[in-house]
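Spelled out, the chains give:
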Amino acid sequence: MSEQLFWNDEMETRSMEEIQETQWHKLQMQMQYIYDESPDFYRPQFKRIGVHPQDIHSFEDFRTLPIMRNKEMDREAQLKSMERYGHSYGTYLCAPLKDVTHIYCTSGTSGEPSFYTFTESDLKINDECWARTFWRAGIRPGDTVLHGFGLSMWSAGIPVVRALAAMGARPIAAGAEGGIERMLMFARLTKPTALVGTPSLAEYIIEKCPEILGYPASELGIKTLLVAGAPGAGLPEVRQRITEGFGGAKLFDSAQGAWGLGNVSCDSEEYQGMHVVSPEHCIWTDLVDPNSKEPVPLENGAVGEGVITAFDHQAGPPFRYSFGDTLQLFTEPCSCGAPGWRFKILGRVDDLLNVKGIKVYPAAVRNIINSFAPRTTGEMRIVVDAPPPAVKPPLKIKVEYGAGLSESEIENLRTELISRLKNRLRFTAVLEMVAPDSLERSTLKGKRIEKTYESTVSKEG
Ligand SMILES: [Zn+2]
C-alpha cells in the first residue's frame, strides 16, 4: 500500500477554485469578526477609510484595503492596551482574555518583547498547519525529532513542540537556550531522525559535532532537517553545505509567520520556494507595491510586499498584516507535482536604500538613533529626494532630540550620532536635529522615510 502524499489529503489536494471559494467565505466572516471584536484597533481603521466589512464584495475589493497591521503598529497597540486594559497583548486582541490559553513572545523591535496570543482553537490550527509541514518534510508519527529552536521565544518554540506531539511524533525539546553541548548530548542519547531549528543551528552542529561527540554530524542519523527563522535553505551553497554535512539528509525550508500558518519547500532538486500548505486558514500570498501599497496582480512570478490575512484566528488575528518581506509568487505547477501556490522570500522591504553602493536598512538607522535615548526620542525620518533605492550621499536624516537638552548638548549629540552611523553602518549622514514631538506620529505604519519628491498627501488614507 502506498503512503498518503499529504497529512490532510482532502484539504491539501483541492483546486485553486475550491480554495478561493472557501477563502472568500471565511474572509467575510473574519472581517465582520475583527470589526466587531476590535473596537480600538481594526474597527477605527475601517472607519477611517469609510469602509464597512459589508462594503467588501469581492476579493478584489479586499485587496484595495490598506495594510492594517505590522510590527510597529503592534508596538503601539501593545502600549495602548497596557494603558487601557492593563495587559500588553495589543488592542487587536479580539477574544476575551480568559479564552487566551497560550502566549509566546518575540524579541520585538524596541527591546521589550512582543506578545502573541492564542486561543485553544488557534492552537489547533497551529497544530494542523505544522503537521502538514512536517509530513511534507518527511516527518512521520513515531519519529524522534530534535527540537532546536528557542523554546521561550517565538512561534517555533513551544507551539512546534506541541504540534510535533499532536501529530504523533516524539519531540525532544532540547531548545536553543540549552547550548550546543546539551543539544548534541540529547542527540547522542535519543537518536533523532529529524531536526527542526534555524539554518545557522544546522551549520553550527556540523562544525561542533566532531569536537563534542567525537564523530561528524553525518553519523547522527538525522535524515530530515526542517529549518525556519532565517533565509539559508533557499541558497544553493548553504543547502549543499547542510545536506552534505548531515550525510545526505534532506533539507526543507519553512516560514510560518507569527501564527504557525504553514509553508514549506519541497523535495525538488532546485529550490522552488515554499508551498502554501494551509490556504484555507490564511492568505499568505497577497502582494502590494512596497511604495504605493497598491495591489500587485497575482500572476506567476509577481513580486511585492507580502500581506498576510488569517481567517480563523480568534485571539490576535493578523488581518492585512505586513511582515515587511518582499515575496515572489509562483502560481504555475511545481516540478514536485504538489498543487497550489508557492512563494519565495526575496528580502526585506526595508532593504531599499543604496547609498553609493552601501546598503542602508532604515531599521538599522532607527536602532542606532534609538540607542541614544533619552537623548533622542527615537523618532526619525530619512529624507530622500528621489525614488529609492539609490540615494545620493550624504544621507539626510531628521532626528528628534530628547526633552530638556541644551543647545550645546544637541550639537554634541549630532556629532556622536554622525560618527556612530559612520562607524556602524558605513555611510555619511547630515542630521537635522528637530524638537521632540515635531515629527508626525503615523498611526497606520511606522514611517521612516520622508519622500520629498512626492506630494505630502498620505497614500494611506
Ligand atoms: Zn514543489
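Residues numbered from 1 in each chain as written. Predicted model: local features only at pLDDT ≥ 70, side-chain atom pairs only at ≥ 80, totals over all residues. Heavy atoms only, no water.

Chemist: Would you mind going over the environment of Ile 206 with me for this structure?
Modeler: Positionally, Ile 206 belongs in helix H9 (residues 199–213). When the C-alpha positions of Ile 206 and Pro 236 are compared, they lie 17 Å apart, and in sequence the two are 30 residues distant. Not counting residues up to four positions away in its chain, the partners in contact with Ile 206 are Ala 217, Arg 241, Ile 242, Gly 245 and Phe 246. (Helix = DSSP H or I, 4+ residues; strand = E, 2+ residues; numbered from the N terminus. Contact = heavy atoms within 4.5 Å.)

Chemist: Teacher, can you tell me more about the nonpolar core here?
Modeler: In globular proteins that are soluble, nonpolar side chains generally tend to be buried together. Ranked by internal contacts, the top residues of the largest apolar core, which has 28 residues, are Tyr 116, Trp 259, Leu 261, Trp 284 and Phe 323. Elements represented by at least two residues in this core include exactly helix H2 (16–37), strand S3 (114–119), helix H6 (120–136), strand S10 (274–276), strand S11 (282–288), strand S12 (303–310) and strand S13 (321–330). Examining the composition of this core, we find that four residues originate from one element, S13, more than from any other. (Core = buried A, V, L, I, M, F, W, Y, C linked by side-chain atoms within 4.5 Å. Buried < 20%, exposed > 50% of the residue type's maximum accessible area, 1.4 Å probe, protein only.)

Chemist: What is the right way to read the pairing of strand S8 (residues 250–254) from this model?
Modeler: The two faces of a sheet get side chains in turn, since along a regular strand they alternate between them. Counting buried positions over the five residues of S8 gives four, a clear majority of the element. As defined by bridge partners, strand S7 (residues 224–228) adjoins S8 across five bridges and the pair is classed as parallel. Within S8, the residue paired with Val 227 across the bridge is Asp 253. Following the chain from S7 across helix H10 (residues 236–245) to the adjacent parallel S8, one finds a crossover that is right-handed. (Pairing = 2+ DSSP bridges. Right-handed = clockwise from strand over helix to strand, strands pointing away.)

Chemist: Explain the coordination of the zinc ion to me, please; I cannot follow it from the model alone.
Modeler: In a perfect tetrahedron of four donors around a metal, the angles come out at 109.5 degrees. In a perfect octahedron of six, they are 90 or 180 degrees. The protein atoms that coordinate the zinc ion are Cys 266 (SG), His 275 (NE2), Cys 334 (SG) and Cys 336 (SG), at distances spanning 2.1 to 2.3 Å. Geometry at the zinc ion is tetrahedral, judged from the four donor atoms that bind it and their angles of 102 to 113° at the metal. (Donors = N, O, S within 2.8 Å, 3.2 Å for Na, K, Ca; no water. Tetrahedral: all angles 85-135°; square planar, octahedral: opposite > 155°, others 65-115°.)

Chemist: In this structure, what is going on with the packing of helix H8 (residues 180–190) against H9? I would like to understand it.
Modeler: Between two packed helices, both the angle of their axes relative to each other and the distance between the axes serve to describe the pair. Running from N to C, H8 and H9 point in directions that differ by 75°, and their axes come no closer than 10 Å. Considering the angle they form, H8 stands roughly perpendicular to H9. Seen from H8, the contacting residues are Ile 180, Glu 181, Met 183, Leu 184 and Arg 188; seen from H9, they are Leu 201, Tyr 204, Ile 205, Lys 208, Cys 209, Ile 212 and Leu 213. Partitioning the contact of H8 with H9 into residue classes produces nine nonpolar, no polar and three charged. (Axes fitted to C-alpha atoms, helices over the stretch in contact; angles between N-to-C directions. Parallel < 35°, antiparallel > 145°, perpendicular 65-115°, else oblique. Nonpolar A, V, L, I, M, F, W, Y, C, P; charged D, E, K, R; others polar.)

Chemist: Mind showing me how you'd approach the pattern of salt bridges here?
Modeler: Once the charged atoms of two side chains with opposite charge are near each other, the side chains can pair. Summed over all chains, the structure comprises 21 salt bridges. Between Arg 136 and Glu 12 there is a salt bridge, and its shortest N-O distance comes to 2.9 Å. Taken together, the residues Arg 136 in helix H6 and Glu 12 in helix H1 (residues 9–12) connect sequence positions 124 residues apart. Accessibility assignment for this pair places Arg 136 and Glu 12 in one class, buried. Here the residues in one salt-bridge network are Arg 63, Asp 286 and Arg 320, joined through shared partners. (Salt bridge = Lys/Arg side-chain N within 4 Å of Asp/Glu carboxyl O.)

Chemist: Which parts of the structure should I look at to understand the side chain of Lys 26?
Modeler: Assignment of secondary structure puts Lys 26 in helix H2. Overall, the relative accessible area of 17% leaves Lys 26 in the buried class. With near-sequence residues (within four places) excluded, Lys 26 lies in contact with Glu 280, His 281, Phe 311 and Asp 312.

Chemist: Please explain the environment of Leu 251 as it appears in this structure.
Modeler: By the secondary structure assignment, Leu 251 is in strand S8. The spacing of Leu 251 and Ala 137 is 114 residues in sequence and 7.9 Å in space, taken between C-alpha atoms. Once residues lying within four places of it in the same chain are set aside, the contact partners of Leu 251 are Leu 225, Val 227, Ala 233, Arg 239, Ile 242, Thr 243 and Ser 265.

Chemist: Hey, could you run me through the domain arrangement of the chain in this one?
Modeler: How big an interface is tends to be expressed through the accessible area that disappears when the partners come together. Once the domains are mapped, the chain shows domain 1 (1–348) and domain 2 (353–451). In this structure, domain 1 and domain 2 have C-alpha centres spaced 33 Å apart. (Domains from an automatic or database assignment.)

Chemist: Got a minute to help me understand the packing of aromatic side chains in this structure?
Modeler: Taken as a whole and assessed by the stated rule, the structure comprises 18 aromatic pairs. Seen in terms of ring centroids, Trp 7 and Trp 135 are 6.2 Å apart; in terms of plane orientation they differ by 55°. Their pairing is tilted. Of this pair, Trp 7 sits in the segment before H1 while Trp 135 is found in helix H6, placing the two residues 128 residues apart along the sequence. What makes Trp 7 partly exposed here is its relative accessible area of 27%. Put simply, the rings of Tyr 35, Phe 41, Tyr 42, Phe 46, Phe 59, Phe 62, Tyr 92 and Phe 319 touch in pairs and so form one group of aromatic residues. Lying across the ring of Tyr 35, Arg 43 places its NZ or CZ 5.7 Å from the centre. One residue, Arg 140, lies across the ring of Trp 135, its end atom 3.7 Å from the ring centre. (Phe/Tyr/Trp six-rings, centres within 6.5 Å; stacked < 30°, edge-to-face > 60°. Lys NZ or Arg CZ within 6 Å of the ring centre and 35° of its normal.)

Chemist: Just to check I follow, could you spell out helix H7 (residues 158–167) for this structure?
Modeler: In an α-helix, one turn spans 3.6 residues, which is why side chains three or four residues apart end up on the same side. Every buried residue belonging to H7 is among Pro 159, Val 160, Val 161, Ala 163, Leu 164 and Met 167, and all of these are buried. The inward-facing, buried residues of H7 abut strand S2 (100–106), H6, strand S4 (144–147), strand S5 (170–172) and strand S6 (194–197). Once H7 ends, the next one or two residues include Gly 168, with phi positive near 100°.

Chemist: Just checking my understanding: could you explain the sheet that holds strand S17 (residues 376–384) for this structure?
Modeler: In a beta sheet, neighbouring strands pair by backbone hydrogen bonds and run either parallel or antiparallel. Pairing in this open sheet of four strands is mixed, and the strands run S20-S19-S17-S21 from one edge to the other. Two strands lie at the open edges of the sheet, namely strand S20 (429–434) and strand S21 (449–451), each paired on one side alone. Within this sheet the neighbouring strands show an average axis-to-axis angle of 30°, counted without direction. Sheet topology places S17 next to strand S19 (residues 395–401); five bridges connect them, and they run antiparallel. Bridge assignment links Thr 376 to a residue of S19, and that residue is Tyr 401. Strands S17, S19 and S20 of the sheet are contacted by helix H12 (residues 407–425), whose axis makes an angle of about 145° with S20.

Chemist: Can you help me understand the environment of Phe 62 in this one?
Modeler: Note on placement: Phe 62 falls in helix H4 (residues 59–63). The class of Phe 62 is buried, set by a relative accessible area of 0%. For the pair formed by Phe 62 and Ala 156, sequence separation is 94 residues and the distance between their alpha carbons is 30 Å. Here Phe 62 is in contact with Leu 27, Ile 56, Ile 283, Asp 286, Thr 309, Phe 319 and Arg 320, once residues within four sequence places are set aside.

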